[in-house]
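# Observations on the three-dimensional arrangement
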Amino acid sequence: MQSRRVISKPQKESLVSPIIAAIASALIPGLGQILARVVNRGLIILASFITSAGLLIWRIATEGARYTGWKTIISKAYKLNPFLYLITILMIVTYIYAIVDAYLTARPGAKKSKAVGMIFMIILVFFAQGWEIGQIDLGALVRDADEAVPALTKVMWPWAKAISHPEEFRTSYVEVQTPCTDVAFPSGEPKTDEPYLIADPTCGVPSEVEVSLGTEFHVIGRNFVPGNEVEIWWKDSANREFHHRVDGDYLIVTPDKNGSFDISVIMPYRTLTPAAEEGVKTWQIQARQLISVGGAVASDELKLAVEKMIETIFIGMMATFFGILLAVPVSFIAARNLMSHSPVTMVIYYLVRTILNIIRSIEPLIWAIIAVIVVGLGPFAGILALTLHSLAALAKLYSEAIESIDSGQIEAIQATGANWFQVISFAVIPQIIPPFVSFTIYRWDINIRMSTVIGFVGGGGIGYLLAQWIRILDYRSAGIAVWFIAITVAILDFVSADIREKFV
Amino acid sequence: MLQIKNLTKVYPDGTVALKNVSFEVPEGEFLIVIGLSGSGKSTLLRCINRLIDPTEGQILWNGVDLSKLEGEELRKARRKIGMIFQNFNLIKRSSVFSNIMSGRLGYTQTLPSMLGRFTKEDIDMGKNVVERLGITDQMHKRADELSGGQQQRVGIARALMQEPELILADEPVASLDPVLAHSILKTLETLNHEDGLTVICSLHYLDLVQRYGSSVVGLREGEVVYRGSREDVRKMTDEQFKEIYGAEAERVGASIEGVVQE
């Protein structure tokens, strides 16, 4: 009985019996289907098996690369990467499926099935292999998340680094005399408003190597900023300044909550020969404390980010500007309707189009790397790279705008007796201005966005800074850069969309 | 008086659009050119104002051979020939008024016109033309916001701004519905009657041809196959019409004409 459904093709009779088809598919997956005259399905199965088997062999060889002997390689590969078991099992299931499918298809009077299950199994095998080759490890997203949190927090809220408090050392001192004389040397004066030091005794002798320790001075400090560390320094009679050391470490004291401290210091060795310090000299014991002066100011990182952001915007702007300048004339020789009148111009047209397509197909980042080789690091390299890419992209878009110009409007203006300039300004420019403006703004948008990353390869702008900050793990500063990029691009998106809407 | 003598146009690809076409158009005539698409109507009209350069032949207008003119002389001649188009060919993104003023380009200095500056007289003239064609309300709209009929009025206004002596109308109503077709052709008829402009118009509805034409030229494959006066046209039967047109010939519909004629 004939089927009444005209749309479905009648099933072609299989060339072989189901058993033979199954055996054929067992020998070469897909062969059975081909013999059963579902050739396309057979070919798909065959191609899929060859591809996935090839991939499996490659992965096994990669995993077991350090071993010799194919048996060892295989066993080690499976041990090292148990995921290969899953792939292998899936492939075996698919293999069996293909045999069964060959048998069912080759049965006389079998309905032509869609083989959805077969396709699903093949896709599953490839999916598993893709998972393995891509080293997909969803666990990595969560496993070390707690370690990433501090860095990410800094990136997301970096403003602590945007401001800084200028600090400077305030030095207070007391003078001591060496050696002691008959006249008493005055000690320091207590003061009411400023920090001061008082030494006791007020005179003494320096230490001498392998002979004796110097005089021990008892020093009290008052009116210092509580909690801020104070460094103790000496200044000898020759105005040389040096840290006071205790067992090789600098002496640092922290004033108590009243801003006071008491310490004992032994007068250090001279730095000059005793002969040079003949007579009565005075030395200073200094207390230097780091204190903040003035209010909060923008940090160097913030200033740098602002400067580089401005540089970035100008890289994008200059590239767009140069791109327009070059693209406008080029677009005319890349417009088919203007170049189709003679074989020579057609050759030029195809040549220009081909060059533009090649330039456009290479990413600006790659152009930037090349530009850095030519002109060195810095914004100029970025401008060059973006200009080149803009030229190609804009020339293509402009020329398409010229191609779609309505010749009827030109005819109509010509018919009024207008001259060439009037035709251009009345009939051509009104037609190409809106698409030109639209494409230009679109390109400007792209260029600013590209200029933020072009610095990663040395093309200047904020990307340069961002790359460096990320490399030295300064996530706060990097965060500032990221914020600036995001804000600039968002503003630009908004503005360009707005302008384009008005023109188009 | 416009005399077309042995006009031939061969396109670079070898297509012969016009073959030895000769006819005369006396002053003040409403000449209708009929013929199938591809019969050479558009080419003929465009040869007259030299949007297309004829290969051979003469176009004598008031004793001057238009086919020989170049540069400034050609532009001066074009100013006196207004043209209206099937697709209106307005500058779509410009305002209606700017479109109309572009009719004065041939009379305006290059630099001021490029800056969109026209003389006071020209602007006043523009306002009068706008008023005459009843599109005052649309003056400041963008040209492409207007309906088809209104756009063709702007096209006519632009041609009128040239202070033309001759109007070439290339299928002016082919993109319009019958009511608008009559309205546009009546406007052309008024210009023909009141202002004494010579009109050469290509059409392809028999009833429109009979209603408006004061004489007819029929083209087929680039050759003149019919030449008739107003009376001949009035008497023309559908059969004769179909000889020129083939089976495609049709009428717009008399009933609609009746409504408009009131």
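Since the structure is predicted, the reported quantities are computational estimates derived from the model, not experimental observations.

Cut-offs and rules
- Residues numbered from 1 in each chain as written.
- Chains lettered and ligands numbered in written order.
- Predicted model: local features only at pLDDT ≥ 70, side-chain atom pairs only at ≥ 80, totals over all residues.
- Heavy atoms only, no water.
- pLDDT = per-residue confidence, 0-100.
- Helix = DSSP H or I, 4+ residues; strand = E, 2+ residues; numbered from the N terminus.
- Contact = heavy atoms within 4.5 Å.
- Pairing = 2+ DSSP bridges.
- Axes fitted to C-alpha atoms, helices over the stretch in contact; angles between N-to-C directions.
- Salt bridge = Lys/Arg side-chain N within 4 Å of Asp/Glu carboxyl O.
- Buried < 20%, exposed > 50% of the residue type's maximum accessible area, 1.4 Å probe, protein only.
- Expected span 1.5 Å × (residues − 1).
- Polar contact = N/O pair within 3.5 Å; in protein donor to acceptor, adjacent residues only side chain to side chain.
- Disulfide = S-S within 2.5 Å.
- Core = buried A, V, L, I, M, F, W, Y, C linked by side-chain atoms within 4.5 Å.
- Parallel < 35°, antiparallel > 145°, perpendicular 65-115°, else oblique.
- Left-handed = near helix turned anticlockwise from the far one by under 90°.
- Nonpolar A, V, L, I, M, F, W, Y, C, P; charged D, E, K, R; others polar.

So, on to the confidence of the model for chain A. This prediction gives chain A a mean pLDDT of 86; 96% of its residues lie at or above 70. When mean pLDDT is taken per element in chain A, helix H12 (residues 364-375) of chain A scores highest with 93 and helix H10 (residues 336-339) of chain A scores lowest with 77.

A few words on the confidence of the model for chain B. Note: predicted coordinates in regions of low pLDDT should not be interpreted at a detailed level. Residues and elements named next belong to chain B. Here chain B shows a mean pLDDT of 84. Residues at 70 or above account for 94%. Here residues 254-262 is a poorly scored stretch, pLDDT under 50, and it has 11 contacts once near neighbours within four places are set aside; other chains count. Reported confidence for the predicted complex is 0.88 by ipTM and 0.63 by pTM.

All names here are of chain A. The antiparallel open sheet is built from three strands, whose spatial order is S3-S4-S10. Both outer strands of the open sheet, strand S3 (196-200) and strand S10 (261-266), are each paired with one neighbouring strand and no more. The average undirected angle you get between the axes of adjacent strands in this sheet is 25°.

The subject of this paragraph is the pattern of salt bridges. Residues and elements named next belong to chain A. Considering all chains together, one arrives at 28 salt bridges over all chains under this definition. Linking Arg222 and Asp262 is a salt bridge whose minimum nitrogen-to-oxygen distance equals 3.3 Å. You can see Arg222 sitting in strand S4 (residues 216-222) and its partner Asp262 sitting in strand S10, a full 40 residues away along the chain. Overall, Asp262 belongs to the partly exposed group, its relative accessible area being 47%. Among the salt bridges present, the one from Glu400 reaches Lys396, with a minimum N-O distance of 3.1 Å. Separated by four residues within a single helix, Glu400 and Lys396 lie in helix H13 (residues 379-403), roughly one turn from each other. Under the relative-accessibility criterion, Lys396 is labelled partly exposed at 24%.

Residues and elements named next belong to chain B. Between its first and last C-alpha, helix H7 (residues 178-194) extends 24 Å over 17 residues, near the 24 Å set by a 1.5 Å rise per residue. All buried positions along H7 are accounted for by Ala181, His182, Ile184, Leu185, Thr187, Leu188, Glu189, Leu191 and Asn192. Here H7 starts with a cap whose side-chain oxygen sits 3.2 Å from the backbone nitrogen of Val179, and that cap is Asp177. Following H7 by one or two positions, Gly196 adopts a phi angle in the positive range, close to 70°.

Right, let's talk about unusual backbone geometry for a bit. Here the residue pair Thr178 of chain A and Pro179 of chain A is connected by a cis peptide bond, since its omega of -15° sits within 30 degrees of zero. Tracing the sequence through the fold places Pro179 of chain A in the loop between strand S2 (167-178) and S3. Backbone torsion omega between Asp200 of chain A and Pro201 of chain A reads -5°, so that peptide bond is classified as cis. In this fold, Pro201 of chain A is placed in the loop between S3 and S4. Despite not being glycine, Asn6 of chain B has its phi angle at roughly 50°, a positive value. With respect to the secondary-structure elements, Asn6 of chain B resides in strand S1 (residues 2-10). Exposure remark for Asn6 of chain B: the relative accessible area of 43% places this residue in the partly exposed category. Of note in this structure, Asn20 of chain B is not a glycine but carries a positive phi near 55°.

All right, on to the state of the cysteines then. In protein structure, a disulfide is the covalent linkage between the sulfur atoms of two cysteines. All names here are of chain A. This structure, assessed with the given rule, holds one disulfide over all chains. Each sulfur in the disulfide pair Cys180 and Cys203 lies 1.8 Å from the other. Given an S-S torsion of about 100°, the disulfide between Cys180 and Cys203 has right-handed geometry. You can see Cys180 sitting in the loop between S2 and S3 and its partner Cys203 sitting in the loop between S3 and S4, a full 23 residues away along the chain. Its relative accessible area of 42% is what places Cys180 among the partly exposed residues.

What follows concerns the sheet that holds strand S9 (residues 215-220) of chain B. All names here are of chain B. Across the sheet, which stays open at both edges, the six strands sit in the order S6-S7-S8-S3-S9-S10 with mixed pairing between neighbours. Because the sheet does not close on itself, it has two edges, and the strands there are strand S6 (81-84) and strand S10 (223-229). Between one strand and the next, the sheet's axes are offset by a mean angle of 15°, whatever the strand orientation. As judged from the four bridges shared by strand S7 (residues 166-169) and strand S8 (residues 198-202), these two strands associate in the parallel manner. Pairing of Ala169 across the sheet is with Cys201, part of S8.

This paragraph deals with the nonpolar core. Formed by 85 residues in total, the largest nonpolar core has its most connected members in Ile34, Leu185 and Leu188 of chain B. A total of 10 residues in this core trace back to one element, the largest contributor, which is H13 of chain A. Not counting residues up to four positions away in its chain, the partners in contact with Leu185 of chain B are Phe30, Val173, Cys201, Leu203, Leu208 and Tyr212 of chain B. Core analysis: the second largest hydrophobic core is formed by 31 residues, Phe23, Leu44, Ile52 and Leu66 of chain B among them.

Residues and elements named next belong to chain B. Where helix H6 (residues 148-160) meets H7, the closest approach of the two axes is 10 Å, and the angle between their N-to-C directions is 15°. Considering their axes alone, H6 and H7 lie roughly parallel with respect to each other. Classified by chirality, the crossing of H7 by H6 is right-handed. Here Gly149, Gln152, Arg153, Ile156 and Leu160 of H6 lie close against H7, whose contacting residues are Leu180, Ser183, Ile184, Thr187, Leu188 and Leu191. Grouping the amino acids of the contact of H6 with H7 by side-chain chemistry returns six nonpolar, four polar and one charged.

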